[in-house]
Amino acid sequence: MYPRTGIMTMLRPQSVPGEKPLFWVGSAKDELREFPEAVKDEIGIALSVAQFGGKHPKAKPWKGEGPGVLEVVADHRGDTYRACTR
């Protein structure tokens, strides 16, 4: 964890060639863990695609943060869940 920024890094025991590290800001990781399993799967796949330099079909530019920030929106049982990546 980077204490001054609240950013945490998450690395697998062994990284895959071409995989970029995933960094969590503030409570984002804990909040994602509270999402329904189907939503965690969908957002997890989108984050994994981003780690390898790709863009998941559900990843759209996030209008509030400027260029380079993408938002993934997942709907589940009438609720909407969001995750952002840069």
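Each remark here, short or long, concerns the structure printed above.
Computed from a prediction, not measured in an experiment: that's the story for all the values here.

Student: Is there a simple way to think about the sheet that holds strand β3 (residues 59–61) in this case?
Tutor: Within a sheet, adjacent strands bond to each other through the backbone by hydrogen bonds, running parallel or antiparallel. The three strands lie next to each other as β3-β4-β5, forming an open sheet whose pairing is antiparallel. Each of the sheet's edge strands pairs with one partner strand only, and the pair in question is β3 and β5 (79–85). Each adjacent strand pair in this sheet contributes to an overall mean axis angle of 35 degrees, direction not counted. Both strand β4 (residues 70–76) and β5 contribute to a ladder of seven bridges, which runs antiparallel. When the bridges of β5 are listed, D75 appears paired with T80. Sitting on the sheet, helix α2 (residues 37–51) touches β4 and β5, and the angle it makes with β4 is about 160 degrees.

Student: Explanation requested: the pattern of salt bridges in the structure shown.
Tutor: Opposite charge on two side chains permits them to pair, given that their charged atoms come into close proximity. Taken as a whole, this structure holds four salt bridges when the rule is applied. Note that E42 is salt-bridged to K58, the shortest N-O span being 2.6 Å. Linking E42 in helix α2 with K58 in the loop between α2 and β3, this pair joins segments that are 16 residues apart in sequence. The class for E42 is partly exposed, based on a relative accessible area of 22%. Judged by relative accessible area, K58 falls into the partly exposed class, the value being 39%. With its nearest N and O atoms 2.9 Å apart, the salt bridge here joins E71 to R82. Remark: R82 occurs in strand β5 and E71 occurs in strand β4; sequence separation between them is 11 residues.

Student: Hey, could you run me through the side chain of T85 in this one?
Tutor: On the secondary structure map, T85 appears in strand β5. Given the relative accessible area of 16%, T85 is considered buried. Those residues in contact with T85, other than ones at most four positions away along the chain, are L47, A50, G68, V69 and L70.

Student: What am I meant to see in the layout of surface pockets here?
Tutor: Over the atoms rolls a probe the size of a water molecule, and its path tells where empty space is left. Each pocket or cavity is described by its volume, and for the largest pocket that value is around 620 Å³. Lining the largest pocket are 21 residues; nearest its centre among them are F23, L47, C84, T85 and R86. Where the lining of the largest pocket is concerned, the elements lending two or more residues are β2 (22–25), α1 (28–33), α2 and β5. Partitioning the lining of the largest pocket into residue classes produces 13 nonpolar, four polar and four charged.

Rules of the game
- Residues numbered from 1 in each chain as written.
- Predicted model: local features only at pLDDT ≥ 70, side-chain atom pairs only at ≥ 80, totals over all residues.
- Heavy atoms only, no water.
- Pairing = 2+ DSSP bridges.
- Helix = DSSP H or I, 4+ residues; strand = E, 2+ residues; numbered from the N terminus.
- Axes fitted to C-alpha atoms, helices over the stretch in contact; angles between N-to-C directions.
- Contact = heavy atoms within 4.5 Å.
- Salt bridge = Lys/Arg side-chain N within 4 Å of Asp/Glu carboxyl O.
- Buried < 20%, exposed > 50% of the residue type's maximum accessible area, 1.4 Å probe, protein only.
- 1 Å grid on protein atoms, 1.4 Å probe; cavity = no way out; pocket = protein on both sides within 12 Å on 5 of 7 lines; lining within 4 Å.
- Points joined across faces, edges and corners; volume = space filled by probe spheres on them.
- Nonpolar A, V, L, I, M, F, W, Y, C, P; charged D, E, K, R; others polar.

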